[in-house]
Amino acid sequence: GQQVMQIPQYQHVQEGEDFTTYCNSSTTLSNIQWYKQRPGGHPVFLIQLVKSGEVKKQKRLTFQFGEAKKNSSLHITATQTTDVGTYFCALNAGNNRKLIWGLGTSLAVNP
Amino acid sequence: DTEVTQTPKHLVMGMTNKKSLKCEQHMGHRAMYWYKQKAKKPPELMFVYSYEKLSINESVPSRFSPECPNSSLLNLHLHALQPEDSALYLCASSQEGGLDEQFFGPGTRLTVL
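Residues numbered from 1 in each chain as written. Chains lettered and ligands numbered in written order. Predicted model: local features only at pLDDT ≥ 70, side-chain atom pairs only at ≥ 80, totals over all residues. Heavy atoms only, no water.

**Q** Please set out the sheet that holds strand β1 (residues 4-7) of chain B residue by residue, giving values where relevant.
**A** Residue and element names in this part refer to chain B. Pairing within the open sheet is antiparallel, and its four strands lie in the order β1-β3-β8-β7. Only two strands of the sheet have a single neighbouring strand rather than two, namely β1 and β7 (64-70). On average, each strand axis in the sheet is inclined to that of its neighbour by 20 degrees, with strand direction left out of account. (Pairing = 2+ DSSP bridges. Helix = DSSP H or I, 4+ residues; strand = E, 2+ residues; numbered from the N terminus. Axes fitted to C-alpha atoms, helices over the stretch in contact; angles between N-to-C directions.)

**Q** Break down the layout of surface pockets for me, citing the residues and quoting the values.
**A** Quantified by volume, the largest pocket comes out at close to 460 Å³. If you trace the largest pocket, you find 22 residues lining it, with Q37(A), T86(A), A39(B), K40(B) and K41(B) closest to the centre. Put simply, the parts of the chain that give the lining of the largest pocket at least two residues each are β9 (85-92) and β11 (105-110) of chain A. Among the elements that take part in the lining of the largest pocket, β9(A) stands out by supplying three residues, more than any other. For the lining of the largest pocket, a count of residues per class yields seven nonpolar, 10 polar and five charged. Approximately 210 Å³ is the volume found for the second largest pocket. K98(A), L99(A), I100(A), W101(A), P42(B), P43(B), E44(B), L45(B) and E58(B) are the residues that line the second largest pocket. Secondary structure elements with two or more residues in the lining of the second largest pocket: β10 (99-101) of chain A together with β5 (44-50) of chain B. No other element matches β10(A), which puts three residues into the lining of the second largest pocket. (1 Å grid on protein atoms, 1.4 Å probe; cavity = no way out; pocket = protein on both sides within 12 Å on 5 of 7 lines; lining within 4 Å. Points joined across faces, edges and corners; volume = space filled by probe spheres on them. Nonpolar A, V, L, I, M, F, W, Y, C, P; charged D, E, K, R; others polar.)

**Q** Can you break down the environment of V44(A) residue by residue, with the values?
**A** Residues and elements named next belong to chain A. One can find V44 in strand β5 (residues 44-49). Given the relative accessible area of 43%, V44 is considered partly exposed. Separated by 44 residues in the primary sequence, V44 and F88 have C-alpha atoms spaced 9.7 Å apart. Once you skip the residues sitting within four places of it in the chain, V44 turns out to touch W34, Y35 and K36. (Buried < 20%, exposed > 50% of the residue type's maximum accessible area, 1.4 Å probe, protein only. Contact = heavy atoms within 4.5 Å.)

**Q** I'd like a rundown of the interface of chain A and chain B, residues and numbers included.
**A** Tallying the contact residues gives 20 residues for chain A and 24 residues for chain B. For the pairing of chain A and chain B, the buried interface totals around 1700 Å² over both sides, and the portion due to carbon and sulfur atoms is 56%. In terms of surface lost to chain B, no three residues of chain A exceed H42(A), R97(A) and W101(A), which account for 32% of the buried area on that side. The partner of K98(A) in a salt bridge is E58(B), and the shortest N-O contact between them spans 3.1 Å. Our count for the contact surface shared by chain A and chain B stands at four residue pairs in polar contact (both at pLDDT 80 or more). Of all elements in the fold, only β4 (32-37), β5, β9 and β10 of chain A reach the threshold of two or more residues within the side of chain A that touches chain B. No other element matches β4(A), which puts three residues into the side of chain A that touches chain B. Taken together, the residues of the side of chain A that touches chain B sort by class into eight nonpolar, 10 polar and two charged. (Buried area = accessible area lost by both parts, 1.4 Å probe. Salt bridge = Lys/Arg side-chain N within 4 Å of Asp/Glu carboxyl O. Polar contact = N/O pair within 3.5 Å; in protein donor to acceptor, adjacent residues only side chain to side chain.)

This is the structure in structure tokens:
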């Protein structure tokens, strides 16, 4: 079955440092979604990537989809304490009805 | 209205109790989901309803019984749960299902004693 690996599992950074989380799939993807879950909160949709090599930006967040559509990354420039939380990638499975979730990367930011 | 609401926020129940979790959305979404989430883990899909019909059951034990009374409402009936069922139960909805972004509710924090 389809597998997804997300690394790192945890990351501690000083405020102002950059942060990147990576998501890798064993198979070619139709799309990939990224979600953020704050401590004590629920997942919130950030972005969806569909095209090979796609790059999308949301303020300090940059999302990339690999050329082969098997991997993706989320990069945060100059982290802030508001960036604290767990970032999940979620892949669309072949049957188009459910997402396969990565284990998430938990980000802690020291002020 | 871009919100998914869930009630109750917290629920404590004994193993012999029967309770229900409720979820509501008014975004006109036709797909609705139940997820279970344990601490420091990703959401784990339980059920998917598409156009008010159950389309996916991820081999969930029968002590969990979903119900979709109409296109805006989703219930999860609980009976004879086990302590290991304690978790955050999340409801989500999406436009059509599949490739769409999912909107999550705040969840119900369930404790089974």
